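The primary structure of each chain is shown beneath.
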Amino acid sequence: AQKITQTQPGMFVQEKEAVTLDCTYDTSDPSYGLFWYKQPSSGEMIFLIYQGSYDQQNATEGRYSLNFQKARKSANLVISASQLGDSAMYFCAMRLLNTGNQFYFGTGTSLTVIP
Amino acid sequence: KAGVTQTPRYLIKTRGQQVTLSCSPISGHRSVSWYQQTPGQGLQFLFEYFSETQRNKGNFPGRFSGRQFSNSRSEMNVSTLELGDSALYLCASSLGGTGDPNQPQHFGDGTRLSIL
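Read on for an overview of the structure. (Residues numbered from 1 in each chain as written. Chains lettered and ligands numbered in written order. Predicted model: local features only at pLDDT ≥ 70, side-chain atom pairs only at ≥ 80, totals over all residues. Heavy atoms only, no water.)

## Re the interface of chain A and chain B
Right, so step 1: At the interface, 26 residues of chain A touch 27 residues of chain B.
Right, so step 2: The tally of links from chain A across to chain B stands at 0 salt bridges.
Right, so step 3: Broken down by secondary-structure element, the contributors of at least two residues to the side of chain A that touches chain B are β5 (32–39), β6 (46–52), β10 (88–96) and β11 (103–105) of chain A.
Right, so step 4: Along the lines of polarity and charge, the residues of the side of chain A that touches chain B split into 11 nonpolar, 13 polar and 2 charged. (Contact = heavy atoms within 4.5 Å. Salt bridge = Lys/Arg side-chain N within 4 Å of Asp/Glu carboxyl O. Helix = DSSP H or I, 4+ residues; strand = E, 2+ residues; numbered from the N terminus. Nonpolar A, V, L, I, M, F, W, Y, C, P; charged D, E, K, R; others polar.)

Below you can see the structure in the form of C-alpha cells.
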C-alpha cells in the first residue's frame, strides 16, 4: 500500500515567490517521522527538514517550513523566496517507529524556478 | 564531519557481469540503506543493514545482495547484470536506533550504473 503520496509531478514558481509542495501519508502508527529531501539534477539527495508526529509546532529550517496537519495526514513543504538553485526534485518520506529504520518515499515533485 | 561516501561514482558493465558497490557511512552511523532509482520506477528500497545484520529488505530478486562490515561500511552486489539494472544506486546512513523515528537518513552522491 502506498504510504506516501505526492500528487504534483511538476511545479513551476517565479523566482522570489513562495511555493507549496504537497505530501500526504498513510499510517495508523502513532509514532513516525516525516522528512523532505531535495535532489538536484546531479543526483545527490539532500536532507532538508523533518517533522515528528508528536511535535506541536511546524518545523522550519531557513527558507523551508513544513506545514504539518496531522488530522489530514499531510506534511506539505513550503519554500519561501524561491531561488533558481531550488530547481530540483523534491521527495517526501516517512519513517515509522514500528518498522525499524525503513523509510518510505513518495514519487517526487519536480520544481522549476522561473527567472 | 565527512558525509556518506559511495564508490565508484560511475560504472559501466555488460549483461551477465557482476558488480560491487561500496558505501562508507557517516562516522557513528550504524544503519546503512540502499536504494535503486530509475526514471520509470522512482526510488525503490533495496535493503537496510544495522550492526552487520540485514534488518529490512525490499522486493528485489536474489541477484541483489549486500553486507555490512564491523566498521559499518557496506557493500552491495548485483550478479548476472541485466539491462534493467541500469540505475542510480543510492546509499543512506543514519544512527540506526529504533527508538526514535525522527532520525533522518543522509545520502551519498550515488553510483550511476550503466549496463550495455
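We are not done yet, so read on.
## Quick word on the environment of B:Leu116
Residue and element names in this part refer to chain B.
Right, so step 1: On the secondary structure map, Leu 116 appears in the segment after β11 (111–115).
Right, so step 2: For the pair Leu 116 and Arg 15, spaced 101 residues apart in the sequence, the C-alpha separation amounts to 6.4 Å.
Right, so step 3: Those residues in contact with Leu 116 that lie beyond four places of it in its chain are Ile 12, Lys 13, Thr 14, Arg 15 and Leu 83.

## Observations concerning the state of the cysteines
All names here are of chain A.
Right, so step 1: Tallying each qualifying case throughout the model produces 2 disulfides over all chains.
Right, so step 2: One disulfide bridge connects Cys 23 with Cys 92, the sulfur atoms lying 2.0 Å from each other. Every disulfide takes its handedness from the sign of the S-S torsion; for Cys 23 and Cys 92 that torsion is -65°, giving left-handed. Here the residue Cys 23 occupies a position in the loop between β3 (19–21) and β4 (24–25), and Cys 92 occupies one in strand β10, the gap between them amounting to 69 residues. (Disulfide = S-S within 2.5 Å.)

## A few points about the pairing of β11(B)
Residue and element names in this part refer to chain B.
Right, so step 1: Taking every second residue as pointing to the same face, the buried face of β11 carries Thr 111, Leu 113 and Ile 115, while none of Arg 112 and Ser 114 on the other face is buried.
Right, so step 2: Sheet topology places strand β2 (residues 10–13) next to β11; 4 bridges connect them, and they run parallel. Each bridged residue has a counterpart across the sheet, and for Leu 11 the counterpart in β11 is Leu 113.
Right, so step 3: For strand β9 (residues 87–94) and β11, the ladder comprises 3 bridges, and the chain directions are antiparallel. Each residue of the ladder has a partner; that of Leu 88, found in β11, is Arg 112. (Buried < 20%, exposed > 50% of the residue type's maximum accessible area, 1.4 Å probe, protein only. Pairing = 2+ DSSP bridges.)

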